[in-house]
Amino acid sequence: MGNATDQTGEFTSLDCITATYGNVLELLGHDPSVLGEDWGYHPANFPDTEWPVEDLTIHRRPPEDIIRDWYGLETEFHQHRRTADTADYLREKLGRGEPVIVLVDAFHLPHSSNHRLQHHAHRITVRSLAGGADDGTYAIVDRYRGSLFDGAIDARDLLSAMASPALAEGRRGDPDWRLRTLGVSAAPTTAPRPAYADSVHRALARNTAPSAAASATTALRTCAARLRATPQEYASLSPAGLIEVSAWFGELASQRALNARFLHTAADACALPSLTAHAATAQALSHHWEKARNYFYLRFRKGVPAVLRLSDFLDEAANREAEWNASVRRSLK
């Protein structure tokens, strides 16, 4: 869940989904800041939620839609029937110089802190065949901030991570993730791409519409009110619930850091230097959400006092995010 780097250097994130798409964009020569074009919240319909925040999700268009609109890149999803089919597909795509995002169980990844300790669904980018088609290794990049790695992995380890039975268990309605690949390639189209500055303007206008900002603020305050009204009801969580709520806070931290990166790009593309200050505010919001996640992770066992403190985090975030949206909106007038 988390932070993107500054505007120079390798792209990283505390969210493994945007980390992989950002890596792919960089490998293909594109700017990954477009992954931060959206912000806000909308209702979710996940089954068996335990905390109010789980009934919301950050408003982020699917990354495959974003990279198609901005760069004409197409994403193809495959769930292969056999490990051998997966290896054949990787060999074909990588042989054409096209990176592939793969779903893995970090239990089988030697570079992960979860290696041989805990099953954990994760995503990484396979960038090439490390030493040629017959070398038996893949070059991978994992720019998730919790497991940074750029190097070679034995083919057997990678394929074991992709075929792990743990990926079939599903959680909160997740599908069977075994042997899943996400290949990215240029779309065969001659349609003209929209001007970059025009696209930036449209994204900014869409996100800062008063109705969107009011909806986000109301949603956060509603969550805070529910926690504050019956804190004892939310003072314990199942193991799956602990993971989901921690991930929710982390994904907000991740998206606000991406929004900061996008606003830096927008400041240059649209000749609006004032957006640089709003990027700094977005980065501060990212730190706020990361602080909330860390507090939840470390202090949730304290029960009701922790629930009440987290409701304060949500109320404070609602105020700060409303002001941020309004200030960006004023810059566009």
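Everything below is about the structure shown above.
Not measured: the values here are computed from a predicted model.

### Observations regarding the overall build of the chain
Step number 1: Regarding its fold elements, the chain presents nine helices and eight strands.
Step number 2: Expected size for 333 residues packed as a compact globule is a radius of gyration near 20 Å; at 20 Å, the chain falls within 12% of this value.
Step number 3: Each principal axis of the C-alpha atoms in the chain carries an extent, and together these give about 60 × 50 × 30 Å.
Step number 4: Per-residue burial over the chain gives 52% buried out of 333 residues.
Step number 5: If you take every contact in the chain between residues at least 6 apart in sequence, the share linking residues at least 24 apart comes to 68%.
Step number 6: Of the accessible surface of the chain, which amounts to about 14,700 Å², a share of 52% is contributed by carbon and sulfur atoms.
Step number 7: Averaging the positions of the 36 positive and the 41 negative side-chain charges in the chain gives two centres separated by 4 Å.

### Here we look at the sheet that holds strand β3 (residues 73-79)
Step number 1: The six strands lie next to each other as β3-β8-β4-β5-β6-β7, forming an open sheet whose pairing is antiparallel. Each edge of the sheet is formed by a strand with only one pairing partner; in this case those strands are β3 and β7 (149-154). Taking the axes of each pair of neighbouring strands and ignoring which way they run, one obtains an average angle of 30 degrees across the sheet.
Step number 2: Two strands pair when backbone bridges link them, and β3 and strand β8 (residues 180-186) are joined in this way by seven bridges, in the antiparallel orientation. What sits directly across from Glu74, in β8, is Ser185.
Step number 3: Contacts from helix α3 (residues 83-95) reach β3, β4 (100-105), β5 (121-129), β6 (137-142) and β8, with the element oriented near 20 degrees to β8.
Step number 4: Sheet strands in contact with helix α4 (residues 155-163) are β4, β5, β6, β7 and β8, and its direction is about 75 degrees off that of β4.

What counts, and at which threshold
Residues numbered from 1 in each chain as written. Predicted model: local features only at pLDDT ≥ 70, side-chain atom pairs only at ≥ 80, totals over all residues. Heavy atoms only, no water. Helix = DSSP H or I, 4+ residues; strand = E, 2+ residues; numbered from the N terminus. Rg over C-alpha atoms; globule rule 2.2 N^0.38 Å. Buried < 20%, exposed > 50% of the residue type's maximum accessible area, 1.4 Å probe, protein only. Contact = heavy atoms within 4.5 Å. Areas by Shrake-Rupley, 256 points an atom, 1.4 Å probe, with all protein chains shown as cover. Lys, Arg positive; Asp, Glu negative; His and termini not counted. Charge placed at Lys NZ, Arg CZ, Asp CG, Glu CD. Pairing = 2+ DSSP bridges. Axes fitted to C-alpha atoms, helices over the stretch in contact; angles between N-to-C directions.

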